[in-house]
Amino acid sequence: MASDNAAGGKPATLDPPAIAAELKSLDASPKGLTAAEVASRLARYGKNAIVAKAESRWKKLAAYFWGPLPWMIEAAALISLVRRDWSDFAVVTGLLVYNAAVGFWQDYKASNALDALKKGLAPKARVLRDGAWTSIDASGLVPGDVVNVTAGQIVPADLLLIQGEYLTVDQSALTGESLPVSKKVGDAAYSGGIAKQGDMTGVVTKTGNNTFFGRTAKLVASAGSVSHAQKAVLQIGDFLIIVAFALALVLVGVEVYRHIVVAPSWDWTTIGSIAQFVLILLVASIPVALPAVMSVTMAIGAYALSKQKAILSRLSAIEELAGVDVLCSDKTGTLTLNQLTVDAPIPFGNAKPEDVLIGAALATQTSSEDPIDLAVLRALKDKSALTGMKQTHFVPFDPVHKRTVATIVDAQGRTVQYAKGAPQVIAALAHPDAATLAKYNGTVADLASRGYRALGVGRSDDGKTWTLVGLVTMQDPPRPDAKSTIAETEKLGLNVKMVTGDDVAIGDQIAKQLGMGDHLLVASDLFKDGTTSISPQVAEAVEGADGFGRVFPQHKYEIVKALQQRGHIVAMTGDGVNDAPALRQADCGIAVSGATDAARSAAALILTAPGLSTIVNAIVGARQIFQRILSYVHYRIAMTLDIMLLVVASVVFFEFQPLAAVMIVVLALLDDIPIMTIAYDNVTPSPRPERWDMHQVLVFSCLMGLLSFAESLGFLLIGLEWVGNANLLQIIPLDKDSLKTAMFLQLAVGGHLLLFVVRTRHSVFVPPYPSAPLFLAIMATQVAAILICGFGILMPKLEWSAIAAVWVWCLAWMVVIDIVKLIYVRRFDHNEAQMRELAQPIAR
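Keep in mind it's a predicted model, so treat the numbers as computed, not measured.

### So, the overall build of the protein
Item 1. A tally of helices and strands in the protein yields 30 helices and 22 strands.
Item 2. Residue burial in the protein is summarised as follows: out of 844 residues, 52% are buried.
Item 3. Expressed as a percentage of contacts within the protein between residues at least 6 apart in sequence, the contacts between residues at least 24 apart total 72%.
Item 4. On the protein, roughly 37300 Å² of surface is accessible, and the fraction owed to carbon and sulfur atoms is 60%.

Shown next, in the form of C-alpha cells:
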C-alpha cells in the first residue's frame with residue numbers, strides 16, 4: 001500500500017504545466033511571498049496549527065459552583081443571609097469559594113504545563129520571503145509560501161514540490177506505511193512527514209486543519225472511554241448523599257415533631273434555624289472538598305511524574321494509570337533502543353567480511369539519517385577504507401526497487417557500482433549459481449527465524465554484471481534496563497504485551513531475551529479486514545497472547561477493544577497519527593518520546609524520554625497517588641458516618657444537639673484544609689493494579705465510621721453523665737454548652753487520628769510514617785482547635801483539663817481502631833489470596 005493511498009488515492013505527479021497552473025491558483029511563485037502578502041493570507045487562513053476547541057476558563061470556574069454539592073453550600077449560605085447570621089454566612093461562603101478556587105487553580109496549572117510542553121515542541125520552517133531565506137515557527141506559514149525541506153526536518157505543511165533532485169519522506173506517522181517514500185518534482189508532501197534523505201523546495205498548498213494531518217486529527221474525537229475515576233467519585237458521592245439525606249430526614253422529622261407539632265408556637269425563625277442546621281450538617285458530612293483534595297493530590301502527583309519524564313494531559317488519567325493491568329508496549333524504542341546494530345557480516349564467494357561492510361558503506365550516503373544507513377556507517381570501524389572513494393551518483397531506496405545503488409570512482413579512477421537492499425532483490429541482480437543461491441536463501445531464512453534483519457550487498461564492475469558480496473545482519477538490541485523492568489512489572493501485577501510491526505520471528509527473539517514469553521500472534525490473522533465486532537474467541541486469544549507481530553495502526557485499536565472486552569484496564573503506547581484512535585480508546589493512552597502532535601493530543605500520558613522504565617515508574621507513581629486519594633476517601637466516608645450518626649442519635653435519643661451550626665462549619669474547615677497535604681504523604685505503592693472496588697471501599701470505610709461513632713457516642717454518654725454528676729464536676733467543670741465544645745474537639749482530634757490509622761495497611765506505629773507536611777499541618781490544625789476551645793473563640797470556653805481528657809480518650813481509641821483495622825486487613829488479604837489461587841487454573 002503506497003502511503004499516498006491513505007490520503008484518498010495516490011495523486012499523479014504533476015507535469016510542468018500543471019505545476020504552473022497550481023502556482024497560479026495559489027497566487028504564488030518560486031520567488032516566494034512578500035511580508036504584505038503573508039499578513040493578508042495569515043488573516044485569511046489563520047495560523048498553521050491544529051486548532052482545538054478549548055473550554056473557556058470562566059466556564060470551567062463556573063462549573064465549580066454548579067452541581068448537587070455546591071447547591072447545598074449555596075442554599076446554606078442563602079439561609080444564613082436571609083437570617084442575617086453574618087458569621088455563619090461568611091464561613092459557609094468561604095468554604096464554597098475555597099473549594100472552587102483550589103480546584104480551578106490546580107486544573108489551570110496542569111493545563112498550563114501541557115501548553116508549555118506543546119509550545120516547546122513547536123517545529124520550525126525555512127521559508128523564502130521578500131527574496132531571502134529565513135527560519136520561522138511553522139505555525140506562521142501560509143498557502144503560497146515557498147519552503148525548503150532537507151533531511152531530518154519535519155514537513156511543516158502540505159507541499160507541492162517544485163525544485164530539487166529528490167526527497168525521501170517517512171510518512172509512517174500519517175499512513176502507517178513503514179518504508180519511506182521517494183518524492184520528486186511535481187509530487188505532494190504531507191504535513192507531519194519526516195524527511196529522511198535529500199533536499200527539495202516546495203510551495204505550501206494547505207495549512208492547519210486543512211492539511212491531511214489536520215483532517216486525520218479530527219477523527220480522533222470519535223473514540224473514548226468513560227473514566228473509572230469519574231464513576232468511582234459519583235458512586236461515593238451518591239452513597240454519602242443517600243446516607244446523609246436519609247439521616248437528615250430522620251433529624252428533620254424529629255425536630256419538626258418536637259418544635260412544631262408538640263409545641264405549636266413555631267415561627268419562621270424556628271424553621272429557618274432547623275433548615276440551616278440540617279443544610280450545614282449535610283455540607284459538613286458530604287465530601288464537598290473531595291474534588292479539591294483530588295485535584296491537589298493529582299496535580300502535585302502530576303508534577304512529580306513530569307520530573308520522571310512523564311507528562312499528563314489530564315489529571316484524572318492518574319487513577320486510570322494506577323489501575324492498568326495490561327500494558328501494550330511498542331517494541332521499537334520502548335523495549336529496544338531503536339538503534340540498529342550490525343552483527344558479524346556474512347561474505348559470499350571470494351569476499352571477506354570487511355568487504356561486505358565496505359560495500360554496504362559505499363552504497364550509502366554519509367549524510368543519511370536512515371537507521372539502516374547509520375548502522376552500516378557505525379559498523380565500519382576503519383573509515384580509511386573509504387579514502388579516495390568518490391560517490392558520483394546515488395539512487396536512493398524506494399519501496400518498489402527496494403535497494404540503493406551508488407556509482408563510485410576509486411583512487412585509481414576506476415568506476416564501480418555497489419548496491420545494498422532486500423536480500424532477494426540483490427540476489428536477483430547477481431544471478432548466483434543454484435548452490436550459492438540455495439545457501440544464500442537458507443542463511444536469510446535462518447537469520448529471520450532468529451529475529452535478525454538481513455541486508456544484501458552486491459558489486460558490479462561494468463554496470464551490467466553483478467556479483468554477490470554478502471549479507472549484513474542487523475538487530476535492534478533490547479534496552480539495557482528492559483529485562484529488569486519486565487521482571488519488576490511481574491511483581492507489580494502488570495502484564496506487558498509486545499506490539500510490533502516487525503515479523504513475529506523478530507518479536508519472539510526480543511521477547512525471549514527479555515523473559516516476556518514467546519506466544520506472539522500475527523495481528524492480521526486475528527483481525528480480518530471488514531469485521532465490525534470482536535468475537536469472544538478473538539478477545540480470549542488476544543488476552544492469552546504475549547504479544548503481536550505485523551501490527552498496523554488499526555490493529556492497535558482492535559487489540560485495546562478486545563482486552564477491554566475481557567475486563568482489563570489497558571494502556572497502549574503509540575507515536576503516529578494513525579495510533580491516535582487506539583490511544584484515545586485505551587484507558588490510558590501513552591504517547592512515546594518523539595510522538596506526533598496528534599498522538600500527544602489523544603494520549604493521557606506523554607513521555608519525554610524513551611524506555612519501558614519511564615512508563616513503569618509512572619505507573620508506580622500513579623499507584624502512590626491513588627493510595628493517597630483512597631486514604632482520604634476512607635477517612636471522609638468514616639467521618640461522615642461519625643458526624644451524622646452522632647448528631648441524629650443525640651437529638652433523637654437524648655434531645656441534645658451536640659454541635660452548634662458554627663461548630664460544624666469550623667469542623668469542616670479544620671478537617672479539610674490540612675488534608676490537602678495528603679498529596680505529599682509517604683505511601684507504599686500497591687503490588688497489584690489499583691481499582692475502585694466500591695464494595696471493599698464502603699465496607700472498610702463503614703467499619704471505620706462505626707468505630708469512630710462508637711468513640712464519639714461513648715464520649716457523649718460520659719459527658720452527659722458528667723454534667724449531671726456533682727462529684728465529677730469537681731474534677732473537671734463541664735456544662736451542656738461546654739460539652740458541645742468538647743464534642744467539637746473530640747471530632748476534630750479523633751478525625752485526624754483516624755486519618756493516621758486509615759492511611760496505611762500497616763500499624764500506625766510502623767513505617768511508612770506520615771510525611772512532614774501532612775503531620776505538621778495536622779498538628780497545626782490541632783493547636784488551632786485547642787486554642788479555639790481553650791479561649792472560647794466562636795464557641796463556649798472549655799477547661800484545659802477537659803481538653804487533656806479529650807486527647808487521652810482519642811489516643812486510646814486510636815489504638816483500638818488500629819487493632820481492628822489490622823485484623824480486617826489480614827482477613828481481607830487472606831480471602832483475596834484464595835480468590836487469586838482459584839482464578840489461576842481458570843486463566844490457564
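### Brief notes about the nonpolar core
Item 1. Counting residues in hydrophobic clusters, the biggest one holds 74 residues, and the most contacted among them are Leu659, Met704, Phe744, Leu745, Leu755 and Leu798.
Item 2. Residue contacts for Leu798: discarding those within four places in its chain leaves Leu734, Ser738, Thr741, Ala742, Leu745, Cys789, Gly790 and Ile803.
Item 3. Counting 54 residues, the second-largest nonpolar core is a separate cluster that includes Leu312, Ala317, Leu321 and Leu335.

### Quick notes on the packing of helix 20 (residues 536-544) against helix 21 (residues 553-565)
Item 1. It is at 8 Å that the axes of helix 20 and helix 21 come closest, and there the two elements cross at 95 degrees. Taken together, helix 20 and helix 21 sit at an angle that is classed as roughly perpendicular. Taking contact as the criterion, the partners of Pro536, Ala539, Val542 and Glu543 in helix 20 are, on helix 21, Ile559, Ala562, Leu563 and Gln565.

### Side note on the packing of aromatic side chains
Item 1. If you walk through the whole model with that rule in mind, you get 8 aromatic pairs.
Item 2. The interplanar angle of 35 degrees and the centroid separation of 5.3 Å between the aromatic rings of Phe700 and Tyr824 together place this pair among those described as tilted. Of this pair, Phe700 sits in helix 26 (residues 694-723) while Tyr824 sits in helix 30 (residues 800-843); the two residues are 124 residues apart in sequence, bridging distant segments of the chain.
Item 3. Exposure remark for Tyr824: the relative accessible area of 17% places this residue in the buried category.

### So, the confidence of the model for the protein
Item 1. Confidence along the protein averages 82 in pLDDT terms, with 84% of residues attaining 70 or more.
Item 2. In the predicted structure, residues 218-226 sits below a pLDDT of 50 and forms 16 contacts with residues beyond four places in sequence or in another chain.
Item 3. The low-confidence segment residues 840-844 (pLDDT under 50) makes 0 contacts with residues lying over four places distant or belonging to another chain.

### Some details on the packing of helix 24 (residues 612-654) against helix 25 (residues 661-672)
Item 1. Interaxial distance between helix 24 and helix 25 falls to 12 Å at its minimum, and their mutual angle equals 160 degrees. If you check the angle between helix 24 and helix 25, you find them roughly antiparallel. Classified by chirality, the crossing of helix 25 by helix 24 is right-handed. Residue-level contacts link Tyr632, Tyr635, Arg636, Met639 and Ile643 of helix 24 to Leu667, Asp671 and Asp672 of helix 25.
Item 2. Partitioning the contact of helix 24 with helix 25 into residue classes produces 5 nonpolar, no polar and 3 charged.

### A short note on the pairing of strand 9 (residues 326-330)
Item 1. In terms of burial, strand 9 is a largely internal element, 5 of the 5 residues being buried.
Item 2. Side chains Val326, Cys328 and Asp330 project from strand 9 onto one buried face, and the interleaved Leu327 and Ser329 project onto a second face that is buried too.
Item 3. Bridging between strand 9 and strand 20 (residues 570-574) involves 3 bridges; their strand directions are parallel. Bridge pairing in strand 20 places Val326 opposite Val570.
Item 4. Across 5 bridges, the pairing between strand 9 and strand 17 (residues 495-499) is parallel. From the neighbouring strand, Leu327 faces strand 17, where its bridge partner is Val496.

### So, helix 28 (residues 736-758)
Item 1. Over its 23 residues, helix 28 runs 32 Å from end to end, which matches the ideal 33 Å to within 8%, given 1.5 Å per residue.
Item 2. By the criterion of burial, helix 28 is predominantly enclosed, with 21 of the 23 residues buried.
Item 3. Looking at where helix 28 begins, the residue whose side-chain oxygen comes 3.2 Å from the main-chain nitrogen of Asp737 is Asp735.

### What to know about the environment of Lys331
Item 1. Relative to the elements of secondary structure, Lys331 occurs in helix 12 (residues 331-335).
Item 2. In sequence terms Lys331 and Gly501 are 170 residues apart; their C-alpha atoms lie 8.5 Å from each other.
Item 3. Those residues within four positions of Lys331 in sequence are excluded, and the remaining contacts are Thr336, Asp476, Met498, Val499, Thr500, Asp502, Ile506 and Ile510.

### Details of the side chain of Ser712
Item 1. Among the secondary structure elements, Ser712 is positioned in helix 26.
Item 2. According to the relative accessible area criterion, Ser712 is buried, its value standing at 0%.
Item 3. Within the structure, the side chain of Ser712 is placed 2.9 Å from the side chain of Gln746, a separation counted as a polar contact.
Item 4. With residues near it in sequence (within four places) discarded, Ser712 still touches Asp642, Leu646, Met743, Gln746 and Leu747.

Analysis parameters
Residues numbered from 1 in each chain as written. Predicted model: local features only at pLDDT ≥ 70, side-chain atom pairs only at ≥ 80, totals over all residues. Heavy atoms only, no water. Helix = DSSP H or I, 4+ residues; strand = E, 2+ residues; numbered from the N terminus. Buried < 20%, exposed > 50% of the residue type's maximum accessible area, 1.4 Å probe, protein only. Contact = heavy atoms within 4.5 Å. Areas by Shrake-Rupley, 256 points an atom, 1.4 Å probe, with all protein chains shown as cover. Core = buried A, V, L, I, M, F, W, Y, C linked by side-chain atoms within 4.5 Å. Axes fitted to C-alpha atoms, helices over the stretch in contact; angles between N-to-C directions. Parallel < 35°, antiparallel > 145°, perpendicular 65-115°, else oblique. Phe/Tyr/Trp six-rings, centres within 6.5 Å; stacked < 30°, edge-to-face > 60°. pLDDT = per-residue confidence, 0-100. Left-handed = near helix turned anticlockwise from the far one by under 90°. Nonpolar A, V, L, I, M, F, W, Y, C, P; charged D, E, K, R; others polar. Pairing = 2+ DSSP bridges. Expected span 1.5 Å × (residues − 1). Polar contact = N/O pair within 3.5 Å; in protein donor to acceptor, adjacent residues only side chain to side chain.

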